[in-house]
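Fold and contact review
Next come the chains, spelled out residue by residue.
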Amino acid sequence: MFWARRTLVERERWLTEKQFVELFTLGQLVPGPPGLNLTVMVGHRFGGWTGAAAALSGLLLWPCMMIIGMGVLYQHYGSLLGLV
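Remember, predicted model here, so these are calculated numbers, not experimental data. Sequence positions are assigned chain by chain, starting from 1 and proceeding in written order. In keeping with the model being predicted, local features are shown solely for residues with a pLDDT of at least 70 and side-chain atom pairs are shown and tallied solely at 80 or more, while totals for entire chains, interfaces and linings include all residues. Side-chain descriptors were evaluated using all non-hydrogen atoms of the structure, hydrogens and water having been removed beforehand.

Thoughts on the overall build of the protein chain
How we decide: Here a helix means four or more residues in a row that DSSP labels H or I, a strand means two or more in a row labelled E, and each is numbered from the N terminus. Note that the radius of gyration is over C-alpha atoms, with the globule rule given as 2.2 Å times the number of residues to the power 0.38. For every residue, the accessible area (1.4 Å probe, protein chains only) is compared with the maximum for its type, and the residue is labelled buried under 20%, exposed over 50%, or partly exposed between those bounds. Contacts are assigned to residue pairs with any non-hydrogen atoms lying within 4.5 Å of each other. Surface accessibility in these figures is a Shrake-Rupley result with a 1.4 Å probe; residues are shielded only by whichever protein chains are displayed.
If you tally the helices and strands in the protein chain, you get 3 helices and 0 strands. For the protein chain, the sequential pattern of α-helices and β-strands runs α-α-α. The C-alpha radius of gyration of the protein chain comes to 18 Å, more than 25% above the 12 Å expected for a compact globule of 84 residues. Burial status across the protein chain gives 19% buried among its 84 residues. Long-range pairs, those at least 24 residues apart, make up 19% of the contacts in the protein chain with a sequence separation of at least 6. Summed over its atoms, the accessible surface of the protein chain is roughly 6,500 Å², and 70% of this surface lies on carbon and sulfur atoms.

Here it is, written out as structure tokens:
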């Protein structure tokens, strides 16, 4: 969470220190990963439900695409001699 605080509070100045602590604390209290909860709450704060969806997809889309890509590569090349 150090990098999230540094980016949101110090570099971009989107949130004050107090706002960040409040959102981070709330993110720890609700079920789910605190970093994901913080991402959705900051997205909602600035863009409503559309911002929350954009923040969520921005955080999760790239890792999901990487895993799918690795699965496709493994399915295609996994049966080659020496990789089994």
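Let's pick the thread back up.
Examining the environment of Leu38
In this structure, Leu38 sits in helix H3 (residues 34–77). Between the C-alpha atom of Leu38 and that of Ala54, which follows or precedes it by 16 residues, the distance is 13 Å.

A few points about the packing of helix H2 (residues 17–29) against H3
For the record, the criterion: A fitted line through C-alpha atoms serves as each axis, taken over the contacting stretch for helices, and the angle formed by two N-to-C directions is quoted from 0 to 180°. Roughly parallel means an angle under 35 degrees; roughly antiparallel means over 145; roughly perpendicular covers 65 to 115; every other angle is labelled oblique. Note on convention: near helix rotated counterclockwise from far helix by under a right angle means a left-handed crossing. Clockwise means right-handed. Classes in brief: Ala, Val, Leu, Ile, Met, Phe, Trp, Tyr, Cys and Pro nonpolar; Asp, Glu, Lys and Arg charged; the others, Gly included, polar.
Axis separation between H2 and H3 bottoms out at 8 Å; the angle between their running directions is 130 degrees. With respect to H3, the axis of H2 lies oblique. Judged by the sense of rotation from one axis to the other, the crossing of H2 with H3 is right-handed. In this structure, H2 uses Gln19, Phe20, Leu23, Phe24, Leu26, Gly27 and Gln28 to contact H3, whose residues at the interface are Pro34, Asn37, Leu38, Met41, Val42 and Arg45. A breakdown of the residues in the contact of H2 with H3 according to their chemical character gives 8 nonpolar, 4 polar and 1 charged.

Structural notes on the nonpolar core
The criterion, for reference: Grouping buried Ala, Val, Leu, Ile, Met, Phe, Trp, Tyr and Cys residues that are joined through side-chain atoms within 4.5 Å yields what is termed a nonpolar core.
Of all hydrophobic cores here, the largest spans 9 residues; its members are Leu8, Val9, Leu15, Phe20, Leu23, Phe24, Leu38, Met41 and Val42. Those elements giving two or more residues to this core turn out to be helix H1 (2–11), H2 and H3. In this structure, Met41 is in contact with Leu23, Leu26 and Gly27, ignoring residues within four places of it in sequence.

Points about the pattern of salt bridges
For clarity, the threshold we go by: Salt bridge criterion: a side-chain nitrogen from Lys or Arg within 4 Å of a carboxyl oxygen from Asp or Glu.
Applying the stated criterion across every chain yields a total of 2 salt bridges. Salt-bridge contacts for Arg5 lead to Glu10; the nearest nitrogen and oxygen are separated by 2.7 Å. By relative accessible area, which is 40% here, Glu10 ends up partly exposed. Between Glu17 and Arg5 there is a salt bridge; the shortest N-O distance is 3.1 Å. Of this pair, Glu17 sits in helix H2 while Arg5 is found in helix H1, placing the two residues 12 residues apart along the sequence. In the salt-bridge network here, residues are joined through shared partners; they are Arg5, Glu10 and Glu17.

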